[in-house]
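Residue-level structure breakdown
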Amino acid sequence: MNLVSRTLEIDADTDARLREMATERGQDVAAVLAEAVALLDSVVDLSGPDVAEDRRRFEEFKRTGLAVPLEEVKAWVASWGSAEELPRPQPRKIG
């Protein structure tokens, strides 16, 4: 592995959490950061937003009025892995 030295300025709470995570995993902070960057890269498209897709979806909403309220989505996601996991919310007319 080709190592590079880099200095980062982070807030104290983030530093404390990084150190805690490293201790929990028996790793150093650099390893935790490397894993975090790899995870971020796997779930976030850094090439930029797909504005055309956003517009298409917004036009579809304006045409149909169908959507899922954010609070229902949050409750559904919060229930994942619990004994009372909620069913996926279904779009309905809103607004």
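My aim in this report is to walk through the structure given alongside it, one point at a time.

Criteria and thresholds
Residues numbered from 1 in each chain as written. Predicted model: local features only at pLDDT ≥ 70, side-chain atom pairs only at ≥ 80, totals over all residues. Heavy atoms only, no water. Helix = DSSP H or I, 4+ residues; strand = E, 2+ residues; numbered from the N terminus. Rg over C-alpha atoms; globule rule 2.2 N^0.38 Å. Buried < 20%, exposed > 50% of the residue type's maximum accessible area, 1.4 Å probe, protein only. Areas by Shrake-Rupley, 256 points an atom, 1.4 Å probe, with all protein chains shown as cover. Lys, Arg positive; Asp, Glu negative; His and termini not counted. Charge placed at Lys NZ, Arg CZ, Asp CG, Glu CD. Phe/Tyr/Trp six-rings, centres within 6.5 Å; stacked < 30°, edge-to-face > 60°. Contact = heavy atoms within 4.5 Å. Polar contact = N/O pair within 3.5 Å; in protein donor to acceptor, adjacent residues only side chain to side chain. Axes fitted to C-alpha atoms, helices over the stretch in contact; angles between N-to-C directions. Parallel < 35°, antiparallel > 145°, perpendicular 65-115°, else oblique. Nonpolar A, V, L, I, M, F, W, Y, C, P; charged D, E, K, R; others polar.

**Brief notes about the overall build of the chain**
Of the regular secondary structure elements, the chain holds 4 helices and 2 strands. Scanning the chain from its N terminus toward the C terminus, one meets helices and strands in the order α-α-α-β-α-β. Computed over C-alpha atoms, the radius of gyration of the chain comes to 20 Å, more than 25% over the 12 Å expected from 2.2 N^0.38 for 95 residues, which places it beyond the range of a compact globule. Taken along the three principal axes of its C-alpha coordinates, the chain extends 55 × 40 × 25 Å. Relative to its full complement of 95 residues, the chain shows a buried share of 8%. With the model as given, the accessible surface of the chain reaches about 8400 Å², and the carbon-plus-sulfur share is 57%. The distance from the centre of the 13 positive side-chain charges to the centre of the 19 negative ones in the chain is 9 Å.

**Re the packing of aromatic side chains**
For the structure shown, the criterion picks out 1 aromatic pair. Seen in terms of ring centroids, Trp 76 and Trp 80 are 5.0 Å apart; in terms of plane orientation they differ by 90°. Their pairing is edge-to-face.

**Some remarks on the environment of Ile 10**
Relative to the helices and strands, Ile 10 resides in the segment before helix H1 (12-25). Take Ile 10: its relative accessible area is 42%, and that puts it in the partly exposed class. Apart from residues no more than four positions distant in its own chain, Ile 10 is found in contact with Asp 15 and Leu 18.

**Structural notes on the side chain of Ser 79**
Considering the arrangement of structural elements, one finds Ser 79 in helix H4 (residues 70-79). Judged by relative accessible area, Ser 79 falls into the buried class, the value being 8%.

**Digging into the side chain of Thr 64**
Here Thr 64 lies in helix H3 (residues 51-64). A relative accessible area of 15% means that Thr 64 is categorised as buried. Separated by 3.1 Å, the side chain of Thr 64 and the backbone nitrogen of Leu 66 make a polar contact.

**Details of the packing of H1 against helix H2 (residues 29-43)**
Contact pair H1 / H2: the axes reach a minimum separation of 8 Å and the direction vectors enclose 100°. Considering their axes alone, H1 and H2 lie roughly perpendicular with respect to each other. Across the interface between the two elements, Leu 18, Arg 19, Met 21, Ala 22 and Arg 25 from H1 touch Val 29, Val 32, Leu 33 and Glu 35 from H2. Residues of the contact of H1 with H2, tallied by class, amount to 6 nonpolar, no polar and 3 charged.

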